[in-house]
Amino acid sequence: MSEIIELCRRAREASYALAAASRATKDTALRAMAAALRAHTDAIVTANAKDVAAAREAGTPESTVDRLALDPARVDGMAAGLEQLAGLVDPVGEVVRGYTLANGLELRQVRVPFGVVGIIYEARPNVTADAAGIALKSGNAVLLRGSASAASSNEAIVAVLRDAVVEAGLPADVIQGVPGDRAAVKELMQARGLVDVLIPRGGAGLIQTVVTESTVPVIETGVGNCHVYVDADADLDLALTILLNSKTQRPSVCNAAESLLVHAEVADEFLAKALPALASAGVTVHGDPAVVAQGNGVVAATDEDYGREYNSLDLSAAVVDSLDAAIDHIRKYSSAHTDAIITRSQSTARRFVQAVDSAAVVVNASTRFTDGGEFGFGAEIGISTQKLHARGPMGLPEMTSTKYVVTGEGQIRT
């Protein structure tokens, strides 16, 4: 039996004990995990320093190094996230619907854990603690495969969390790190029957690899080519505020705006305000000819620019002749993550909401709100851009399946 299959088998065995655990037991484990992270902060930060040094030596961009780096404050934030999870409602056992049939059978559809969840992710070691906590709270054993760039950090974090859950009375194997090379990852993706669900978190390349090569069912967390459309009836000052927040508040995340569309009727007036403001914020605008003509350092956009998730201070921009043209542009280039309209027209907003088929459609607000915490869900495992099982921010309920419980008094089918 290979090492990876053995890990999966152990996770399956551990999942049975976790599925039967009470909320009190799971919450005790989460608080123990948080305390252990704080108690072992020095060891975690020391391990992380090895990853950071290796990343810098390899010429990794500083923006990526920053996402990789941990310090005592970030470790404390990871611990606080686990404590927050302990305070959230346990989804397991929730009755989604229930009623009595005409024949007297009592029917209930209840939430149950998936069982074993594999998570394949890049760079950020804080995801290791977040994902472990979300999986545990929702009753799932978890197999964590982080990127090689964070190997030392992830190994240290997983070791701390495993010891903590044992102290709380759960099997250590409810949390496991997946070691090895790409061949090992592929073996994880082929472990159908031992792993119930795979969730990839990272760039488009990683996600597509998991989606196309996995025989295990995949919940696809998509990249974010998010649009802000400024309508002819927009409050232009409001539109500028929303655009700047959507693009610059945290440009490296999936719900940051990557594309600006402006109705031709207000393009000259709005761009005269927006382009200098974006330039002052350090944003490079990649525009169509109408936007390039405005100056302010705009560079000519290619067709690839309109479909790109930059994760940087870059923004594609185009002028459109109508709402329908904006919708057509979004349908062609959007990743179906989050798309926003700025307008004072209720009918235009309704048309946009109806026609734009994205996981989140926003009216007169920043794209940056597409987030489990901001939606009031608490922790999230990612943003799903697919249409089966879960769509949008995936909180605790989305980390469960359901089963039907049928209770009778001797009824038989005739």
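Residues numbered from 1 in each chain as written. Predicted model: local features only at pLDDT ≥ 70, side-chain atom pairs only at ≥ 80, totals over all residues. Heavy atoms only, no water.

Our focus in this paragraph is the sheet that holds strand S3 (residues 116–121). Taken in spatial order, the four strands of this open sheet run S5-S4-S3-S6, and their pairing is parallel. Both outer strands of the open sheet, strand S5 (175–177) and strand S6 (197–201), are each paired with one neighbouring strand and no more. Between one strand axis and the next, the sheet turns by 20 degrees as a mean value, whatever way the strands run. As judged from the three bridges shared by strand S4 (residues 141–145) and S5, these two strands associate in the parallel manner. Across the sheet, residue Leu144 finds its bridge partner in S5, namely Gly177. Sheet contacts for helix H1 (residues 3–19): S3, S4 and S5; angle to S4, the most-contacted strand, approximately 145 degrees. Running over the sheet, helix H7 (residues 151–167) touches S3, S4 and S5 and is turned about 160 degrees from S5. (Pairing = 2+ DSSP bridges. Helix = DSSP H or I, 4+ residues; strand = E, 2+ residues; numbered from the N terminus. Axes fitted to C-alpha atoms, helices over the stretch in contact; angles between N-to-C directions. Contact = heavy atoms within 4.5 Å.)

So, on to the UniProt feature "domain: Aldehyde dehydrogenase" (unreviewed entry) in the chain. Using the residue numbers shown here, the UniProt feature "domain: Aldehyde dehydrogenase" (unreviewed entry) corresponds to residues 3–283. Taken end to end, residues 3–283 is 53% helix and 16% strand, and its two terminal C-alpha atoms sit 47 Å from one another. (UniProt positions renumbered as here; feature names shortened; annotations may be inferred.)

Before going further, it helps to spend a moment on the pattern of salt bridges. This model, assessed by the stated rule, comprises 19 salt bridges. Residue Asp173 is joined to Arg10 by a salt bridge in which the shortest nitrogen-to-oxygen separation is 3.0 Å. A residue pair is termed long-range when its members are at least 10 positions apart, and Asp173 in the loop between H7 and S5 and Arg10 in helix H1 qualify at 163 residues. Overall, Arg10 belongs to the partly exposed group, its relative accessible area being 25%. Asp305 is paired through a salt bridge with Arg308; the nearest N and O atoms lie 3.1 Å apart. We classify Asp305 as buried; its relative accessible area is 5%. Arg308 sits in the partly exposed class, given a relative accessible area of 33%. When salt bridges that share partners are traced, they join Arg10, Arg162 and Asp173 into one network. (Salt bridge = Lys/Arg side-chain N within 4 Å of Asp/Glu carboxyl O. Buried < 20%, exposed > 50% of the residue type's maximum accessible area, 1.4 Å probe, protein only.)

Okay, the sheet that holds strand S2 (residues 106–113) next. The three strands are arranged S1-S2-S16 in an open sheet whose pairing can be described as antiparallel. Each edge of the sheet is formed by a strand with only one pairing partner; in this case those strands are strand S1 (95–100) and strand S16 (400–407). Recorded for the sheet is a direction-independent mean angle of 20 degrees between the axes of neighbouring strands. The pairing of S2 with S16 spans eight bridges and is classified as antiparallel. The residue bridging Arg108 from the neighbouring strand is Val405, located in S16.

What follows is about the domain arrangement of the chain. According to the domain assignment, the chain consists of domain 1 (3–221 + 381–406) and domain 2 (226–369). Domain 1 puts eight residues into the contact, and the matching count from domain 2 is nine residues. A buried area of about 640 Å², summed over both sides, lies between domain 1 and domain 2, and 49% of it is on carbon and sulfur atoms. On the domain 1 side of the interface with domain 2, the three residues burying the most area are Ile383, Thr385 and Arg391, jointly 58% of the side's total. At the boundary of domain 1 and domain 2, one finds two salt bridges. (Domains from an automatic or database assignment. Buried area = accessible area lost by both parts, 1.4 Å probe.)

This part takes up the packing of aromatic side chains. Applying the stated rule across the entire model yields two aromatic pairs. Look at Tyr229 and Phe352: their rings are 6.3 Å apart centre to centre, the planes differ by 15 degrees, and that puts the pair in the stacked class. Taken as a pair, Tyr229 in strand S7 (residues 226–230) and Phe352 in helix H15 (residues 346–355) lie far apart in primary sequence, 123 residues in all. The two residues Tyr229 and Phe352 agree in class, both being buried. Summarising the aromatic geometry, the rings of Tyr306 and Tyr333 are spaced 5.5 Å apart at their centres and angled 50 degrees between planes, so their arrangement reads as tilted. Of the two residues, Tyr306 sits in helix H13 (residues 303–306) while Tyr333 sits in helix H14 (residues 323–333), which places them 27 residues apart along the sequence. (Phe/Tyr/Trp six-rings, centres within 6.5 Å; stacked < 30°, edge-to-face > 60°.)

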